[in-house]
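Structural overview
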Amino acid sequence: MKVLVVGGAGYIGSHTVYELLRANHEVVVLDNLSTGHRSFVPSQVKFYEGDITKKEDIEKVFKNEKIDAVMHFAAKIVVPESVGKPLDYYYNNVEGVRVLLECVVEHGIKRFVFSSTAAVYGDAKGVCHEDDVLAPINPYGETKLAVEKMIKWTANAYDLSYVVFRYFNVAGADKTLEIGYKNNKATHLIPIANEAALGIRDQLNIYGNDYDTEDGTCIRDYVHVTDLAQAHVLGVEYLEKGGASKTMNLGSNKGFSVLEVVKTLEKITPVKYAYAPRRDGDPALLVASNDQAKKVLGWEPKLTLEDMIKSDLAYHKK
Ligand SMILES: NC(=O)c1ccc[n+]([C@@H]2O[C@H](COP(=O)([O-])OP(=O)(O)OC[C@H]3O[C@@H](n4cnc5c(N)ncnc54)[C@H](O)[C@@H]3O)[C@@H](O)[C@H]2O)c1
């Protein structure tokens, strides 16, 4: 298949490009490089610099390439920024996909894979399942939910099938260490813990150690970016074989506690950490079920917590 990866110069998009190539698919990337990196796109991949809110930028690709499927990763993803600038988020994340879908439909492309988020579950607790109530609590999550619905109705009206993936935290780097998580404002636990281990920050704070969990710290969901990328390849191949449209979590099912992350990191390198009071609104357990992805795609995470931490650390060092 020839797959257009929109946002393929970003963190998850570039890892998906690597996995598509490993699975012998042809890949084209469209990216405006707002947060992506030109160097993340391998030399054998045709790169178009452009913005999905501009129809002419998308048309340039579709006129030159015979695309079989489109994957979308081209979102703004910073939750606090979305609260301060909701209209920017609606423009990029919703209007961008509307324009993209318009082109997809006009060019008769029949397969669409969308990278959504577990933020659509909102103020959830425990294990999230695909048919749970969807009630986002910030503009970022709202834009993703709006797009999930837009894709559903577009597929209903035209000859289009889709896979929507929802996930929480993603970590790690490709085994080549050519690509990885490159961000100086890390908000996720694993890169923050690694930054503390590397002395980039003073210490890691663990918020609360009196939760009703085995070691008293919160449990969250982490999936290795390579596992996630492989799920996207399985998703598009499922559509190629005629699979029906589907929305699936890409979760770890059981998650990892904050202390488990710290102890795993300590096996590799020392890290300074301290306990701090609980933060408001943090549930004890928040993870995504992967039963659907297992049933439909035969997917479940293969890489371990140690793989995530080690590869992120190695990429950081590099
Ligand atoms: N990182 C996570 O932990 C996480 C968790 C859940 C869901 N997601 C979803 O995964 C997707 C990818 O996230 P990421 O972490 O790789 O982010 P990222 O910022 O690294 O990648 C986004 C890419 O899209 C490009 N882009 C953004 N707007 C564009 C536009 N209008 N036109 C063209 N290109 C544009 C950026 O330049 C960048 O290369 C997002 O849709 C996000 O909602 C990410």
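Residues numbered from 1 in each chain as written. Predicted model: local features only at pLDDT ≥ 70, side-chain atom pairs only at ≥ 80, totals over all residues.

**Observations concerning the packing of helix H8 (residues 258-268) against helix H10 (residues 305-317)**
The cut-off we apply is this: What counts as an axis is a line fitted to C-alpha atoms, over the stretch in contact for a helix, and the angles between N-to-C directions run from 0 to 180 degrees. Each helix corresponds to a stretch of at least 4 residues labelled H or I by DSSP, and each strand to a stretch of at least 2 residues labelled E; elements are numbered beginning at the N terminus. For classification purposes, angles smaller than 35 degrees are called roughly parallel, those larger than 145 roughly antiparallel, those between 65 and 115 roughly perpendicular, and all remaining angles oblique. Take the far helix as the reference: if the near one is turned anticlockwise from it by less than a right angle, the crossing is left-handed, and if turned clockwise, right-handed. Here, residues touch in the contact sense if the C-beta positions derived from the backbone fall within 7 Å of one another. Following the grouping adopted for this structure description, the nonpolar residues are Ala, Val, Leu, Ile, Met, Phe, Trp, Tyr, Cys and Pro, the charged ones are Asp, Glu, Lys and Arg, and the polar ones are all others, Gly among them.
Packing of H8 against H10 leaves a shortest axis separation of 10 Å and a crossing angle of 60 degrees. For the element pair H8 / H10, the angle class is oblique. For the pair H8 and H10, the sense of crossing is right-handed. From H8, Glu 260, Val 261, Thr 264, Leu 265 and Ile 268 reach across to H10, where they touch Leu 305, Glu 306, Ile 309, Lys 310 and Leu 313. Its residues assigned to classes, the contact of H8 with H10 shows six nonpolar, one polar and three charged.

**Structural notes on the domain arrangement of the protein**
The cut-off we apply is this: The split of the chain into domains comes from an automatic or database domain assignment.
On domain assignment, one finds that the protein holds domain 1 (2-170 + 222-249) and domain 2 (173-221 + 252-312). Once you take the C-alpha centre of each, domain 1 and domain 2 turn out to be 24 Å apart. On the domain 2 side, the residues contacting the 31 residues of domain 1 number 29 residues. When contributions to the side of domain 1 that touches domain 2 are tallied by element, the ones reaching two or more residues are helix H1 (11-22), strand E6 (126-128), strand E11 (222-224), helix H7 (225-240) and strand E12 (246-249). No other element matches H7, which puts seven residues into the side of domain 1 that touches domain 2. Broken down by class, the residue content of the side of domain 1 that touches domain 2 amounts to 16 nonpolar, ten polar and five charged.

**What about H7?**
Each full turn of the α-helix corresponds to 3.6 residues, which orients residues three or four apart in the same direction. Just so we agree on the cut-off: Given a helix with a known number of residues, its expected span is that number minus one, times 1.5 Å.
When the terminal C-alpha atoms of H7 are compared, their 23 Å separation across 16 residues agrees well with the 22 Å that a helix rising 1.5 Å per residue should span. Positive phi appears at Gly 242, one or two residues downstream of H7, with a value of about 95 degrees.

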